[in-house]
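For reference, the chains in residue letters:
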Amino acid sequence: MSVLDLAPVVPVVVIDDVETAVPLARALVAGGLPAIEVTLRTEAALEAIARIAAEVPGAVVGAGTVRTPADVEASARAGAGFLVSPGTTPSLVDAMLACGLPFLPGVATATEAMALAERGLTELKFFPAEAAGGVPYLKALAGPLPDIRFCPTGGIRPGNAASYLSLPNVGCVGGTWLTPADALASGDFARVEKLAAEAAASR
Ligand code: 3PG
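Conventions adopted
Numbers given for residues are sequential positions, taken from 1 along each chain in its written order. Only residues with pLDDT of at least 70 are given local features in this predicted model, and only at 80 or more are side-chain atom pairs given and counted; all residues enter the totals for whole chains, interfaces and linings. Note that water and hydrogens are dropped before the side-chain values are worked out from all heavy atoms of the structure. In this description a helix means any DSSP run of H or I spanning at least four residues, a strand means any run of E spanning at least two, and both kinds are numbered starting from the N terminus. What the globule rule says is 2.2 Å times the number of residues to the power 0.38, and the radius of gyration is computed from C-alpha atoms. Only protein chains enter the calculation, and the probe is 1.4 Å; a residue is then buried if its accessible area is under 20% of its type maximum, exposed if over 50%, and partly exposed in between. We call two strands paired when DSSP finds no fewer than two bridges between them. For this description, a residue counts as near a given molecule or strand if any of its non-hydrogen atoms is within 4 Å of it. Residues adjacent in sequence count toward polar contacts only when both atoms are side-chain atoms; beyond that, a polar contact is any pair of N or O atoms within 3.5 Å, and within protein one must be able to donate a hydrogen and the other to accept it. Using a 1.4 Å probe, the Shrake-Rupley method yields the accessible areas, and only the shown protein chains count as cover for residues. In this count, Pro and Cys sit with the nonpolar residues alongside Ala, Val, Leu, Ile, Met, Phe, Trp and Tyr, while Asp, Glu, Lys and Arg are called charged and the others, Gly among them, polar. Any two of the Phe, Tyr and Trp rings considered here, Trp counted by its six-membered ring, make a pair once their centres fall within 6.5 Å; the pair's planes then place it as stacked at under 30 degrees, edge-to-face at over 60, or tilted in between. All axes here are fitted lines through C-alpha atoms, helices being fitted over the stretch that makes contact, and every angle between N-to-C directions spans 0 to 180 degrees. What sets the label is the angle itself: under 35 degrees gives roughly parallel, over 145 gives roughly antiparallel, 65 to 115 gives roughly perpendicular, and the rest give oblique. By definition, turning the near helix anticlockwise from the far helix through less than a right angle yields a left-handed crossing, and turning it clockwise yields a right-handed one. In what follows, residue pairs with any heavy atoms lying within 4.5 Å of each other are defined as contacts.

1. With respect to the overall build of the chain
A count of helices and strands for the chain gives nine helices and nine strands. Here the C-alpha radius of gyration of the chain, 16 Å, is about what a compact globule of 203 residues would show, namely 17 Å. Viewed in the frame of its principal axes, the chain has a C-alpha envelope of about 45 × 35 × 25 Å. Buried residues in the chain amount to 50% of all 203 residues.

2. Re the sheet that holds strand β7 (residues 123-126)
Through backbone hydrogen bonds, the strands of a sheet pair up, either in parallel or in antiparallel fashion. Spatially, three strands are ordered β6-β7-β8 in an open sheet, and the strand pairing comes out parallel. Edge positions in the sheet fall to β6 (106-107) and β8 (149-152), since each has one partner strand and no second. The pairing of β7 with β8 spans four bridges and is parallel. Note on β8: the bridge partner recorded for Phe126 is Pro152.

3. Side note on the site of the ligand
Taken together, Arg41, Lys125, Phe127, Thr153, Gly154, Gly155, Arg157, Gly175 and Thr176 make up the full set of residues near the ligand. Gly154 places a polar main-chain atom, nitrogen or oxygen, 3.2 Å from an oxygen atom of the ligand. Gly155 has a polar backbone atom sitting 2.7 Å from an oxygen atom of the ligand. Across the complex, the protein chains shield 83% of the 310 Å² of accessible surface that the ligand would expose by itself. In terms of residue class, the shell around the ligand is built from one nonpolar, five polar and three charged.

4. Concerning the packing of aromatic side chains
This model, assessed by the stated rule, comprises two aromatic pairs. Geometrically, the ring pair formed by Phe126 and Tyr137 is stacked, given 5.5 Å between the ring centres and 15° between the ring planes. Here the residue Phe126 occupies a position in strand β7, and Tyr137 occupies one in helix α6 (residues 134-142), the gap between them amounting to eleven residues. By relative accessible area, Phe126 is classed as buried at 1%.

5. A few points about the packing of helix α1 (residues 21-30) against helix α2 (residues 45-55)
Where α1 meets α2, the closest approach of the two axes is 9 Å, and the angle between their N-to-C directions is 55°. Viewed along their axes, α1 and α2 adopt a mutual orientation that is oblique. Note that α1 runs across α2; the crossing there is right-handed. Between α1 and α2, the residues in contact are Ala21, Val22, Ala25 and Arg26 and Ala48, Arg51, Ile52 and Glu55, respectively. Among the residues forming the contact of α1 with α2, the class breakdown is five nonpolar, no polar and three charged.

6. So, the side chain of Ser85
Relative to the helices and strands, Ser85 is located in the loop between β4 (83-84) and α4 (90-99). The exposure class of Ser85 is buried, given its relative accessible area of 0%. Separated by 2.8 Å, the side chain of Ser85 and the backbone oxygen of Gly87 make a polar contact. With residues up to four places along the chain from it excluded, the contact list for Ser85 reads Val66, Leu92, Met96, Leu104, Pro105, Gly106 and Lys125.

7. Re the pairing of strand β2 (residues 35-39)
Buried residues dominate β2, accounting for five of its five residues. Burial of β2 is two-sided: the residues Ala35, Glu37 and Thr39 facing one way and the residues Ile36 and Val38 facing the other way are all buried. As paired strands, strand β1 (residues 9-13) and β2 are joined by two bridges and run parallel to one another. Across the sheet, residue Val13 finds its bridge partner in β2, namely Val38.

In short, the description is geometric, and any link to function would need to be established separately.
Right, dumping it as structure tokens:
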């Protein structure tokens, strides 16, 4: 499975209340975005991954903000279907390769991308996308590194998602704009579904 090809947009989700996990994931799937990245930034994250994996047919739930080998192990145990990291250290990439799940290791430069390509990894997260150079930077990488594809994340919004998705070396984009904290807090999952449907149509 290529994480980059699951959907044009991967919602990056911060879940504070585990009770929101299942209705939130159902809304994203109903809106047409089946790949969901739950960030390991909250106490609720691992339980949220477990519940979505068990209770939401059609969802492919992954763990984001994976920083350590221990995060890899905990995510796999919770039932994550893929892993995403903001950057890549040697021990992290070793653990990700060993665990057998598909993963998008994070990079922000040509050198980092080349180092991972040497290890056979050519599907990467580009983070923080806007701050690290955005569309012009990725466009510049496509010439010398045509075999490497990216999921840019960090600063992607409805206004710039399509520009990223038009690049030949971008498989999908990720972002938090689909799941605004106030919508989750108020249980406004209809709004989440609407945002997902709009994003799903962006390519
Ligand atoms: C992240 O991992 O935080 C993502 O890059 C999300 O960034 P965003 O909030 O700018 O979408």
